[in-house]
Amino acid sequence: MNKQVDYIIVGQGIAGTILAYQLLSRNFKVILIDQGFEKASSYVAGALINPIVLKRITKTWRADDFVKYNRPFYKQLSLYLGNTFYHDMPFEKLIYSDDEKYFWKLRYNQEDLKKYIAPELSPIKNSTPFSKEFFSGIVKETAWLDIKLLLESFRTHLKNLSCLIDSEFEYDKIIFQEDSIIYKSIKAKKIIFCEGSQLTNNPFFNDIPMSLNKGELITIKSNEIQTKSILKKSIFILPIDKDTYKVGATFEWKWENENPSESKKLWLIKQLTELTKAKFTVINHEAGIRPSTKDRRPAIGLHKNYKTLALFNGLGSRGCFTAPLLAEEFIRFLENKEALDKEVDINRFYD
Ligand SMILES: Cc1cc2nc3c(=O)[nH]c(=O)nc-3n(C[C@H](O)[C@H](O)[C@H](O)COP(=O)(O)OP(=O)(O)OC[C@H]3O[C@@H](n4cnc5c(N)ncnc54)[C@H](O)[C@@H]3O)c2cc1C
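Keep in mind that what you see is a predicted model, and the values were worked out from it rather than measured.

Ranked by size, the top nonpolar core spans 74 residues in total, and within it Ile14, Leu19, Tyr74, Leu145, Ile192, Phe312 and Phe330 carry the most contacts. It is helix 7 (residues 319-336) that contributes the most residues to this core, nine residues altogether. Setting aside anything within four residues of it in sequence, one finds Leu19 in contact with Ile9, Ile192, Cys194, Phe312, Ala327, Phe330 and Ile331. Counting residues in each nonpolar core, the second largest holds 25 residues, with Ile181, Tyr183, Ala188 and Phe193 among its members.

Think of it this way: side chains of opposite charge can pair up when their charged atoms draw near. Under the counting rule described, the total for this entry stands at 28 salt bridges. Among the salt bridges present, the one from Arg155 reaches Asp166, with a minimum N-O distance of 3.1 Å. Of this pair, Arg155 sits in helix 5 (residues 147-160) while Asp166 sits in the loop between strand 12 (164-165) and strand 13 (174-176); the two residues are eleven residues apart in sequence, bridging distant segments of the chain. The class of Arg155 is buried, set by a relative accessible area of 7%. Under the relative-accessibility criterion, Asp166 is labelled partly exposed at 47%. Across the pair Lys242 and Asp243 runs a salt bridge, and its minimum N-O distance is 3.3 Å. We classify Lys242 as exposed; its relative accessible area is 63%. When its relative accessible area of 24% is taken as the criterion, Asp243 is described as partly exposed. If you follow the salt bridges from partner to partner, you end up with Arg26, Glu328, Arg332 and Glu338 in one network.

A word on the domain arrangement of the chain. You can read the domains of the chain as domain 1 (3-45 + 148-209 + 295-350) and domain 2 (91-139 + 213-290). Between domain 1 and domain 2, the C-alpha centre-to-centre distance is 32 Å. Taken together, the ten residues of domain 1 in the interface contact ten residues of domain 2. In total, about 730 Å² of surface goes out of reach between domain 1 and domain 2, with carbon and sulfur atoms giving 52% of it. There are one salt bridge connecting domain 1 and domain 2. Across the pair Lys148 and Glu286 runs a salt bridge whose closest N-O atoms are separated by 2.8 Å. At the junction of domain 1 with domain 2, the criterion picks out two residue pairs in polar contact (both at pLDDT 80 or more). When its residues are assigned to classes, the side of domain 1 that touches domain 2 shows three nonpolar, four polar and three charged.

Lining the immediate surroundings of the ligand are 38 residues, of which Asp34, Ser41, Ser42, Leu48 and Gly316 lie closest. In the model, an oxygen atom of the ligand is placed 2.4 Å from a nitrogen or oxygen of the Ser42 side chain. Burial of the ligand by the surrounding chains reaches 98%, relative to a free accessible area of 1000 Å². For the shell around the ligand, the elements supplying multiple residues, two or more each, are helix 1 (14-24), helix 2 (41-44), strand 17 (213-221), strand 21 (281-290) and helix 7.

Turning to unusual backbone geometry, a few remarks are in order. Each neighbour pair has its own omega, and for Gly248 with Ala249 the value is -15°, a cis peptide bond. Relative to the helices and strands, Ala249 is located in the loop between strand 20 (244-248) and helix 6 (262-275). Positive phi, normally seen in glycine, also occurs at Asn27, with a value near 70°. Among the residues examined, Asn27 registers a relative accessible area of 70% and is labelled exposed. At Lys337, a position not held by glycine, the phi torsion is positive, near 60°.

Analysis parameters
Position labels on residues start from 1 in each chain and follow its written sequence. Predicted model: local features are reported for residues with pLDDT of at least 70 only, side-chain atom pairs are reported and counted for 80 or more only, and whole-chain, interface and lining totals are derived from all residues. With hydrogens and water stripped out, all remaining heavy atoms of the structure feed into the side-chain values. Here, nonpolar core means buried Ala, Val, Leu, Ile, Met, Phe, Trp, Tyr and Cys residues that are tied together by side-chain atoms lying within 4.5 Å of each other. For every residue, the accessible area (1.4 Å probe, protein chains only) is compared with the maximum for its type, and the residue is labelled buried under 20%, exposed over 50%, or partly exposed between those bounds. Only runs of H or I of at least four residues qualify as helices and only runs of E of at least two qualify as strands under DSSP, and these elements are numbered from the N terminus. In what follows, residue pairs with any heavy atoms lying within 4.5 Å of each other are defined as contacts. Throughout this description, the term salt bridge denotes a Lys or Arg side-chain nitrogen within 4 Å of a carboxyl oxygen of Asp or Glu. Reported domain spans reflect what an automatic or database domain assignment gives. A 1.4 Å probe defines the accessible area here, and the buried area is the portion of it lost by two parts on being joined, summed over both. We call two N or O atoms a polar contact when they sit within 3.5 Å, provided that within protein one can donate a hydrogen and the other can accept it, with sequence-adjacent residues counted only if both atoms are side-chain atoms. Polar here means any residue other than Ala, Val, Leu, Ile, Met, Phe, Trp, Tyr, Cys and Pro, which are nonpolar, and Asp, Glu, Lys and Arg, which are charged; Gly is therefore polar. The nearness test applies per residue and asks whether one of its heavy atoms lies within 4 Å of the molecule or strand. Per-residue and other accessible areas were derived by the Shrake-Rupley procedure at a 1.4 Å probe size, with only the shown protein chains allowed to occlude residues.

Listed below in structure tokens is the structure:
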């Protein structure tokens, strides 16, 4: 006897987690298949929610839409899971040179950035022993997610609902029917693949042009760094607990293997010691592969031939920022036939 659900979701990174929650909260029946967080980019992410490209001080793609959607969404998900994984926290861009100061003022005078960046730069006010007398430029509408807590608590929740299959998906076990599929003993309207960088192993979607990149970050302990904001220069310093900070992240387009590398750890330590004389100890070092597409836009939609197979991927370096609203828009497409944003629709690769 087949178990019947609306959707099978493959992958429980941030994409699969948010999509599953959005479906469950609309009373759809869902089964999630995930092989564990070992290869999940989400599990190691800084998980910063940030609408601004801090180097150029420009808004990211559709920043206003995502900012409006995210806080109420994550607060609601926090309540649903009964924990506090969402933390509002400002960014402080560390600014030193006169050119940088001038550039900040120039940007602030842009009408569309006024909501996001503070007008005045001020000497940084905390007792961290910085290597220079930095000024601080505040970026607003920012936050971070305790992503391990979010993913683990959602996984426990799915297990309690008997909605989780803890294993690798087997593509050759799909049986295609007229307008549904059967996977092992489960019948569903569609399978939605949320496999992050492992999309490249998926025989149905491995033609999507990806530009994967590797990122690494370290977690440090220090009782000399003092900040209640996310500090940003060439690296970010994110306070996650008492005397505990995530420091990242690296970007690499070619890599030997997916493990954390000694050279990137040393690079992160070097950036940190150039910024501050504070003593610290590295207590963790992690790496993940960001699922970016060649054109840097998400990859969402239906397979060109098999309309029972769907994709929710390509979230690149900002999955925590974009997934909630993109998931809602995808559900409106699947259920109400509303058009997908052309910039995310995978049809752009098939035309
Ligand atoms: C170092 C680093 C820092 C980052 N910092 C940020 C940040 O500050 N803010 C931000 O928004 N984003 C950040 N990102 C990017 C963010 O991590 C990605 O956008 C996001 O994780 C993509 O999520 P995903 O769910 O698509 O993929 P993933 O998180 O990789 O999840 C895919 C899941 O699918 C499972 N899976 C895959 N194939 C199968 C299969 N065949 N069968 C069963 N299970 C399968 C995997 O095991 C995994 O659990 C960072 C990434 C890295 C590496």
